[in-house]
Amino acid sequence: MSIILTVTDLSVSIDNDKLLNAISFEIRQGEIFALVGESGSGKSLTSLAIMRLLPDVISVSSGDIMLKNRSLFTLPESQMQKIRGKQIAMIFQEPMSALNPVMTIGEQVAEVIKIHLGLKKEAVKKKVISLFEEVALKNPEERYSWYPHQLSGGQKQRVMIAIALACEPDLLIADEPTTALDVTIQAQVLTLLKKIQKDRGLSILFITHDMAIVAQMADRVAVMRHGKILEQAECKTFFTHPQHPYTQSLLNDAMMKIEKSTTDTEKDALLEVKELKVYFPIKKGFLQRTVGYVKAVDGVTFSIKKGQTLALVGESGSGKSTIGQAILSLIPITQGSVKFENIDLIRLSNKALKVYRRKIQIIFQDPFSALNPRMSIGDIIREGMISLGVGPKTRVLQDEYIKTLLLKVELKADYVNRYPHEFSGGQRQRIGIARALAVEPELIICDEPTSALDVSVRVQVLKLLKKLQEESGVSYLFITHDLSIVPIVADEVAVMKEGKIVEQGLVSDVMQNPQHEYTQKLLLSAPKLPDINEKEVNDNSI
Amino acid sequence: MKLVLLWTDMMVWLLVVSLLIWGWVISRSPQVKKQWHAIFRSGIAMASAIILLFYLLFALLDSVHLRFSSSMQKGQSQHVQYEGEIVSLLDLILSHNIESTERTYSAPFATHEYTKSIVVDEDGVTRQVHIPLKHVTKNDDMVLRSFRVVGLGVLISLVLILCHIVWLGGKNFKGIFKKIWKGKTVLPWRTAYFTVALLVTGLIWMYCMSFEYHVLGTDKVGGDVLYQSFKSIRTGVLIGILTTLIMLPVAVILGVSAGLFGGWVDDVIQYLYTTLSSIPGVLLIAAGVLSMQVMMDNNPTWFETTLERADLRLLFLIIILGVTSWTGLCRLLRAETLKISQIEFVTAAKAFGVGKLTIIRRHIIPNLMHIILISVVLDFSGLVLAEAVLSYVGVGVDPTMHSWGNMINQARLEMAREPMVWWSLFSAFVFMFILVLAANLFSDRIQTVLEPRNKA
């Protein structure tokens, strides 16, 4: 097998700060080489360095990149432009922002072909349509004149792949190509990439943070951390015999072997949701008449028992977050009831509701937007205590209370006077948890609390949530799109699709023996890690 | 003697007091303090701020108005009669300039009038000559005097700077001095001292020379242009900052409530500002000012002095400028509030049952502060320029009031003369240019530091 790309001793730095530290690897003809690492490890920087698209402030301090015996760093910019797109192509994480919204998708693909191949107009169009066929877009002739906003996320990513393939590159760089997509769509795109790679004998540099995708896609793997490559191995040996301690812990975290202690099911229901419907009116015209409804939540019934966790699983737009907000009475409910300790929250006035605001709290997905950047950590946590009248009343005692809370979520007590921007994502998520805990709630709605976090941090946060549940007997409504964490956190699971619950039951039943077609599809689509103990790895044939 | 508070004086001092209170409030928040520190770390920002401060100082000096008791009636104690004229502190400082009125045009530092006049001399011969100026010392070495005065200016600024260094350094005077000399302090004190020295020396030179000469010449009726330029500072600065004071609460209250409450509140406010911003601004201002003019002409008894009359017209201009200029900021704030109110920390506050007013005060306004600050500083220079344009068109401040716009308006005809009278326009231009440039550079820096998008 010939070698397409060789990176030798590449170091990249900003001022005197080394962002990449002497990394070396090679990519062979027709293989998928996966670069794995947590955020900030330098994966994307490596890909930008290969494309010579590094921002001006970042400079290459040493090393070389050879594309088929040509050194990329010595080429003039005009030559490099020919290589970009023609020999190395790239797909990005966000298909929404990578496409120009005012050009039809056909034109966007055609533009690349015109620049690099110099074909005639008719030939270009033919080529575009054949590319659309290759990436399995339906009705390619018709879609040629569509605009990006008319396509779904998965379809956009297919168009991006078509653009990347347009000039038959030797190397395709895929930078987290499926992170922004739903599980089922992700599976489709991955299958497509694999198929194209097989058909064309393409080499792919696949950048991802998801170990399960690596197991499914890659031929060889390199693990990055702090700008260094810690380990390189064949995919099989990588998962069966990880060498470096960091890789081992990363794999362990990805497996997430936290045992969910089975609690007895004979407890009273804390929260009962019956036939809940939330419709959003669609208003049109000058007088804003209501012409129809978006049925965000359409007749949902479930209950959560004391000290237990219900996982609400579904893809984006299935209405799971809306349920969370409805329970908190943050949005008006069209129909149905939400009973908390047998009292219907919907009929309560704002004043009477305040008692229950204390008992139901929420943790958010994005730790960066969940905390007001202008308030100190102490004030953030204090806000709920003052508003709901929980805890001590004097400022000094409150500070003490907040400090014990911070210790409880495994942060330092002297963080009280700091501001959110000084903390990492995982720490912020802990502050968010502390804020919810401050008012001693009985139910916490966790709205995708771990999906914005790195693998190792995710495990820590899940462990923390579990510890808190054991200590205080709080119940969780765990909203997630990630099936892999369901068995770890939940006792029961409900699967949502288009505003309805299609299947619910005990986690073991649903995960092992799914009844509904959609649940089966979800479980199939989710990329799985090979089990290390069985020493049997996916042989990469789909 | 009694203190006279004109309407605009009242507002200026109110603004100064509220600025001081605001400064005290933000000095308690370490985050905001850090931001301001970051702003002043740039040499340009520091220099601009000092220049703006000097302008503000002149505006404030000109905003303390006094009325002296008439000397003739001193004997009768029951009724204290006051002179018809109200003077400000600045007028007192520059009183020699008011008194040294010439007959007509004279160029800067000239000893004779600019144009020839017909004079009949002792022999009965009619001749055309440049008549010598009344208030200029003729046999004076200007260069020597300048050197002496500049020396004095440098001395005074050096004393000021040394005082500041001592205050800054305390016991470690030598170390601090070395650091400043090499420009290695965190805040660019070297630039600051340089600016202060330049300004102080320049001003002292101009002031001292104005006793002997007309530094910037005289206008058509012999009035000193330097005095006019200094008096215009108040008008320009007031229009710049007081308009903001009127416009800001309206923009913030309406913008935030439109963004947060939505529904019909949003609709009403949106219709309001779309309507208002679709009426041409100059038209609205002209209509407002002219109707005010008619009203004032019909009620001459309202005002004791011409100054009060001019002041009311200025106030009215400020109000009407404020009414027409809040829409832009309001639109910005509405959009930003919409965005912020969807962010999760606001949802979290709602889940805690926090009231709407508290949410506005604690979560929304602090996150809008950077937009407000940026637009206030940006608007300032725009408003100073707007005054000049409006006065030029004739719907600006009262013609008796000193303003750069009026100076430019008068200079319109002077430019067409042969030989050209250039100094009125030149002085108005330089004074305005320095102010607007400083404000723009300062706002640029504020924008760079406060705009969250620039942080990446």
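(A) Spotlight on the overall build of chain A. The helix and strand tally for chain A stands at 20 helices and 20 strands. For 542 residues, the compact-globule estimate of 2.2 N^0.38 gives 24 Å, and the C-alpha radius of gyration of chain A, at 26 Å, lies within 12% of that figure. In terms of overall dimensions, chain A has C-alpha extents of about 70 × 55 × 50 Å along its principal axes. In chain A, which comprises 542 residues, the share counted as buried stands at 54%. At a minimum sequence separation of 6, the contacts of chain A that also span at least 24 residues come to 70%. Counting every atom, chain A has about 24300 Å² of accessible surface; 49% of that belongs to carbon and sulfur. Each charge class in chain A can be summarised by its mean position, and for the 66 positive and 64 negative side chains these summaries are 5 Å apart.

(B) Geometry of the packing of helix α3 (residues 43-61) of chain B against helix α8 (residues 189-212) of chain B. Residue and element names in this part refer to chain B. The N-to-C vectors of α3 and α8 enclose an angle of 35°; their axes lie 8 Å apart at closest approach. Here the hand of the crossing between α3 and α8 comes out right-handed. Contacts between α3 and α8 involve Gly-43, Met-46, Ala-47, Ile-50, Ile-51, Phe-54 and Phe-58 from the first element and Trp-189, Thr-191, Ala-192, Thr-195, Val-196, Leu-199, Val-200 and Leu-203 from the second. Residue classes in the contact of α3 with α8 are distributed as twelve nonpolar, three polar and no charged.

(C) Local environment of the sheet that holds strand β12 (residues 289-305) of chain A. Residue and element names in this part refer to chain A. Taken in spatial order, the four strands of this open sheet run β12-β11-β14-β15, and their pairing is antiparallel. Taken across any chain shown, the strands that pair with only one partner, and hence form the sheet edges, are β12 and β15 (343-344). Pairing analysis gives five bridges linking strand β11 (residues 269-284) to strand β14 (residues 335-340), with the strands arranged antiparallel. Residue pairing in the sheet places Glu-272 in a bridge with Lys-339 of β14. In the packing of helix α12 (residues 320-327) onto the sheet, contacts are made with β11, β12 and β14, and the angle to β11 comes to roughly 110°.

(D) Here's a closer look at the pairing of strand β4 (residues 117-120) of chain B. All names here are of chain B. With four bridges connecting them, β4 and strand β5 (residues 126-129) associate as antiparallel partners. Considered in β5, the bridge of Ile-118 is made with Gln-128. In sequence, β4 turns back onto β5 through a hairpin of five residues, with Gly-124 there showing a positive phi of about 85°.

(E) Representation of the packing of helix α14 (residues 356-393) of chain B against helix α16 (residues 423-450) of chain B within the structure. All names here are of chain B. Axis separation between α14 and α16 bottoms out at 9 Å; the angle between their running directions is 165°. If you check the angle between α14 and α16, you find them roughly antiparallel. The chirality of how α14 crosses α16 is left-handed. Along its contact with α14, which presents His-370, Leu-373, Ile-374, Val-377, Leu-378, Phe-380, Ser-381, Val-384, Leu-385 and Ala-388, the element α16 presents Met-432, Leu-435, Val-436, Ala-439, Asn-440, Phe-442, Ser-443, Ile-446, Gln-447 and Leu-450. When its residues are assigned to classes, the contact of α14 with α16 shows 15 nonpolar, five polar and no charged.

(F) Fine view of the packing of aromatic side chains. For the coordinates displayed, the defined rule picks out 18 aromatic pairs over all chains. Residues Phe-25 of chain A and Phe-33 of chain A carry aromatic rings whose centres are separated by 5.0 Å and whose planes lie at 15° to one another, so their mutual orientation is stacked. Taking the relative accessible area as the measure of exposure, Phe-25 of chain A reaches 3% and is therefore buried. Aromatic rings pair up to connect Trp-22, Trp-36, Phe-40 and Phe-442 of chain B into one cluster. The aromatic ring of Trp-146 of chain A is capped on one face by Arg-143 of chain A, whose charged end is 4.5 Å from the ring centroid.

(G) Representation of the side chain of Asp-175 of chain A. Residues and elements named next belong to chain A. If you trace the backbone, Asp-175 turns up in strand β7 (residues 171-175). For the buried Asp-175, no salt bridge exists, and the shortest N-O distance to an oppositely charged side chain is 6.7 Å, to Lys-43. A distance of 3.0 Å separates a polar atom in the side chain of Asp-175 from a polar atom in the side chain of Ser-44. Leave out the neighbours within four places in its chain, and Asp-175 touches Ser-44, Ser-47, Met-90, Ile-91, Phe-92, Gln-93 and Ile-207.

(H) Here's a closer look at the environment of Ile-488 of chain A. Residue and element names in this part refer to chain A. Along the chain, Ile-488 turns up in helix α18 (residues 486-489). The class of Ile-488 is buried, set by a relative accessible area of 5%. The spacing of Ile-488 and Leu-477 is eleven residues in sequence and 14 Å in space, taken between C-alpha atoms.

(I) Highlighting the sheet that holds strand β2 (residues 65-67) of chain B. Residue and element names in this part refer to chain B. Judged by pairing direction, the sheet is antiparallel, and its three strands sit side by side in the order β1-β2-β3 without closing on themselves. Looking at strand neighbours, the two that pair on one side only are β1 (2-4) and β3 (87-88), the edges of this open sheet. Relative to β2, β1 is paired through three bridges, and the arrangement is antiparallel. Paired with Lys-2 across the two strands is Arg-67, which belongs to β2.

(J) Local environment of helix α13 (residues 344-351) of chain B. Residue and element names in this part refer to chain B. With seven of eight residues buried, α13 lies mostly within the body of the structure. For α13, every residue scored as buried is listed here: Glu-344, Phe-345, Val-346, Thr-347, Ala-348, Ala-349 and Ala-351. Looking at the residues trailing α13, positive phi occurs at Gly-353, about 70°.

Definitions and limits used
- Residues numbered from 1 in each chain as written.
- Chains lettered and ligands numbered in written order.
- Predicted model: local features only at pLDDT ≥ 70, side-chain atom pairs only at ≥ 80, totals over all residues.
- Heavy atoms only, no water.
- Helix = DSSP H or I, 4+ residues; strand = E, 2+ residues; numbered from the N terminus.
- Rg over C-alpha atoms; globule rule 2.2 N^0.38 Å.
- Buried < 20%, exposed > 50% of the residue type's maximum accessible area, 1.4 Å probe, protein only.
- Contact = heavy atoms within 4.5 Å.
- Areas by Shrake-Rupley, 256 points an atom, 1.4 Å probe, with all protein chains shown as cover.
- Lys, Arg positive; Asp, Glu negative; His and termini not counted.
- Charge placed at Lys NZ, Arg CZ, Asp CG, Glu CD.
- Axes fitted to C-alpha atoms, helices over the stretch in contact; angles between N-to-C directions.
- Left-handed = near helix turned anticlockwise from the far one by under 90°.
- Nonpolar A, V, L, I, M, F, W, Y, C, P; charged D, E, K, R; others polar.
- Pairing = 2+ DSSP bridges.
- Parallel < 35°, antiparallel > 145°, perpendicular 65-115°, else oblique.
- Phe/Tyr/Trp six-rings, centres within 6.5 Å; stacked < 30°, edge-to-face > 60°.
- Lys NZ or Arg CZ within 6 Å of the ring centre and 35° of its normal.
- Salt bridge = Lys/Arg side-chain N within 4 Å of Asp/Glu carboxyl O.
- Polar contact = N/O pair within 3.5 Å; in protein donor to acceptor, adjacent residues only side chain to side chain.

Shape is all these values report; function is a separate question.
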